[in-house]
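Here's the letter readout for the chains.
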Amino acid sequence: MLKGLLGNGDSDMQIGIVGLGLIGGSLGLDLRALGHRVIGVSQRPSTCEQAIARGAVDQASPDPRLLANTDVVFLCTPLGMMETVAQQLCPHLHPETILTDVGSVKAPIVASLSLLWTNFVGGHPMSGTAEQGINAALKGLFVGNAYVLTPTSETPVAAVDTVTALARALGSRVYHCTPEVHDRAVAWISHLPVMVSSSLIAACSHEADGAVLEMAQKLASSGFRDTSRVGGGNPELGVMMARYNRDALLAALYQYRDRLDQVITQIEQQDWGSLETHLQATQQQRSCFQFQPQ
Ligand code: NAP
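Residues numbered from 1 in each chain as written. Predicted model: local features only at pLDDT ≥ 70, side-chain atom pairs only at ≥ 80, totals over all residues. Heavy atoms only, no water.

## Things to note about the overall build of the chain
Consideration 1: On a plain count of helices and strands, the chain comes out with 11 helices and 9 strands.
Consideration 2: Structurally, the chain occupies a C-alpha span of about 70 × 40 × 30 Å along its principal axes.
Consideration 3: Counting only residues that meet the buried cut, the chain has 40% of its 294 residues in that class.
Consideration 4: For the chain, the accessible surface area stands at approximately 15,900 Å², while carbon and sulfur atoms represent 55% of it. (Helix = DSSP H or I, 4+ residues; strand = E, 2+ residues; numbered from the N terminus. Buried < 20%, exposed > 50% of the residue type's maximum accessible area, 1.4 Å probe, protein only. Areas by Shrake-Rupley, 256 points an atom, 1.4 Å probe, with all protein chains shown as cover.)

The structure is reproduced here in structure tokens:
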């Protein structure tokens, strides 16, 4: 039966993971290494078999009844599947089980999953790679990175403490904030950059003069590599960000467009003093961002 959680990262919990992909598989590898028993549920039997073979889970199957006696369950499916999967899962869980998710957008997920399960804590481990699926799972993926938890006034404190302890045991820096603050913050530092970077690639790729485009492609080095990286990532993830974090992303995009218009005006008017002041300010402001390790 359930262990009666102490919120101290006990090392012999029964932990369920639903969705054995990059994040679910990586969680499984580390949670097993910490001494927990990990039970996986994924859509495809072949993924369950691969997860067992990779050592990411002790046991796995597509059947959610497997998670009946778990202390904590991590929902690690794509964002669009979270609610449906939770609806199928919750009838099989013990009432004391803590449910948490790893979705990159929090407000819509927290709103729907809190209605389905009282002992629910929204979460977002801010770790990842450009790869997907169980074969992309990595040991130590969460070490040194932020892990945001988004409890509401209704979230049971003991559940927050337990998920906090687990995230710390994975080596993450844990932050707590509301789902709305999370979504607005990640709109700035994750979702806006994808849209800006993809627009940069598109604008450059549509250069009308073929000789100029060919030369630009040959000359591209570290500046273009850094600024184009996130725009060249997984299209599905980009659409998910825009779809589920639409309001916060649009607010960030409008403010970004205003800034770009200001820069255009400064250059059109040859207002080099204002442009320099702007660039001096951004040089200072960049140092306020606490970049996570690669
Ligand atoms: P992923 O590698 O594609 O893994 C998702 C897994 O979910 C798939 O392997 C799939 O396995 C399984 N799945 C899909 N539908 C399912 C269902 N109905 N029932 C059970 N399992 C199902 O994706 P990911 O990158 O790990 O992302 C998962 C979640 O983590 C997303 O919500 C995302 O927002 C969040 N996240 C991602 C990152 C990142 O950088 N990738 C970072 C932080 C958070 P099958 O083979 O069984 O279909």
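## Some thoughts on the nonpolar core
Consideration 1: Ranked by internal contacts, the top residues of the largest apolar core, which has 35 residues, are L27, L31 and F74.
Consideration 2: Mapped onto this core, the elements with two or more residues apiece are β1 (14-18), α1 (22-33), α2 (45-54), β4 (72-75), β8 (146-149) and α5 (157-169).
Consideration 3: Contact partners of L27, with chain neighbours within four places excluded, come to I17, F74, C76, V102, F142 and L170.
Consideration 4: If you look at the next biggest cluster of nonpolar residues, it comprises 20 residues, including V85, A86, L99 and V110. (Core = buried A, V, L, I, M, F, W, Y, C linked by side-chain atoms within 4.5 Å. Contact = heavy atoms within 4.5 Å.)

## What about the site of the ligand?
Consideration 1: Neighbouring the ligand are 25 residues; S42, T47, T77, S104 and G133 lie closest to it.
Consideration 2: Here an oxygen atom of the ligand sits 2.8 Å away from a polar atom, N or O, in the main chain of T77.
Consideration 3: Notes on the ligand: free accessible area 880 Å², of which the protein chains cover 88%.
Consideration 4: The set of elements that each furnish at least two residues to the shell around the ligand consists of α1, α3 (82-89) and β7 (123-125). (Near = heavy atom within 4 Å. Polar contact = N/O pair within 3.5 Å; in protein donor to acceptor, adjacent residues only side chain to side chain.)

## Details of a nonpolar patch on the surface
Consideration 1: Residues W188, I189, F289 and F291 make up a contiguous nonpolar surface patch of roughly 450 Å² in combined accessible area.
Consideration 2: Relative to the helices and strands, W188 is located in helix α6 (residues 179-205). (Patch = residues over 30% accessible without salt bridge, like charges linked within 9 Å, V, L, I, M, F, W, Y side chains within 5 Å. Salt bridge = Lys/Arg side-chain N within 4 Å of Asp/Glu carboxyl O.)

## Observations concerning the domain arrangement of the chain
Consideration 1: Along its sequence, the chain is carved into domain 1 (14-177) and domain 2 (182-288).
Consideration 2: Listed per partner, the contact involves 13 residues of domain 1 and 9 residues of domain 2.
Consideration 3: Interface area for domain 1 against domain 2, summed over the two sides, is near 930 Å², with a carbon-plus-sulfur share of 67%.
Consideration 4: It is L79, V105 and Q132 that lose the most area in domain 1 upon contact with domain 2, and together they represent 38% of the buried surface on that side.
Consideration 5: If you look at where domain 1 meets domain 2, you find 0 salt bridges. (Domains from an automatic or database assignment. Buried area = accessible area lost by both parts, 1.4 Å probe.)

## Here we look at the pairing of β1
Consideration 1: Burial of β1 is extensive: 4 of the 5 residues sit out of reach of the surface.
Consideration 2: One ladder, built from 5 bridges, connects β1 with strand β2 (residues 37-41); its direction is parallel. Directly across from Q14, in β2, lies its bridge partner R37.
Consideration 3: What joins β1 to β2 is α1, and the crossover it makes is right-handed.
Consideration 4: Two elements, β1 and β4, share 4 bridges in a ladder whose sense is parallel. Bridging across to β4, V18 finds its partner in L75. (Pairing = 2+ DSSP bridges. Right-handed = clockwise from strand over helix to strand, strands pointing away.)

## Regarding the sheet that holds strand β9 (residues 173-176)
The pairing of strands in a sheet comes from backbone hydrogen bonds and takes either a parallel or an antiparallel form.
Consideration 1: Read from one edge to the other, the open sheet built from 3 strands follows the order β7-β8-β9, with strand pairing classed as mixed. Unpaired on one side and paired on the other, β7 and β9 mark the two borders of the sheet. This sheet shows a mean twist of 15° between the axes of neighbouring strands, independent of strand direction.
Consideration 2: Relative to β9, α5 is tilted by about 150°, and along the sheet it contacts β8 and β9. (Axes fitted to C-alpha atoms, helices over the stretch in contact; angles between N-to-C directions.)

## Here we look at the confidence of the model for the chain
Consideration 1: Residue-level pLDDT values for the chain average 95, and 96% of them are 70 or greater.
Consideration 2: In the predicted structure, residues 4-9 sits below a pLDDT of 50 and forms 11 contacts with residues beyond four places in sequence or in another chain. (pLDDT = per-residue confidence, 0-100.)

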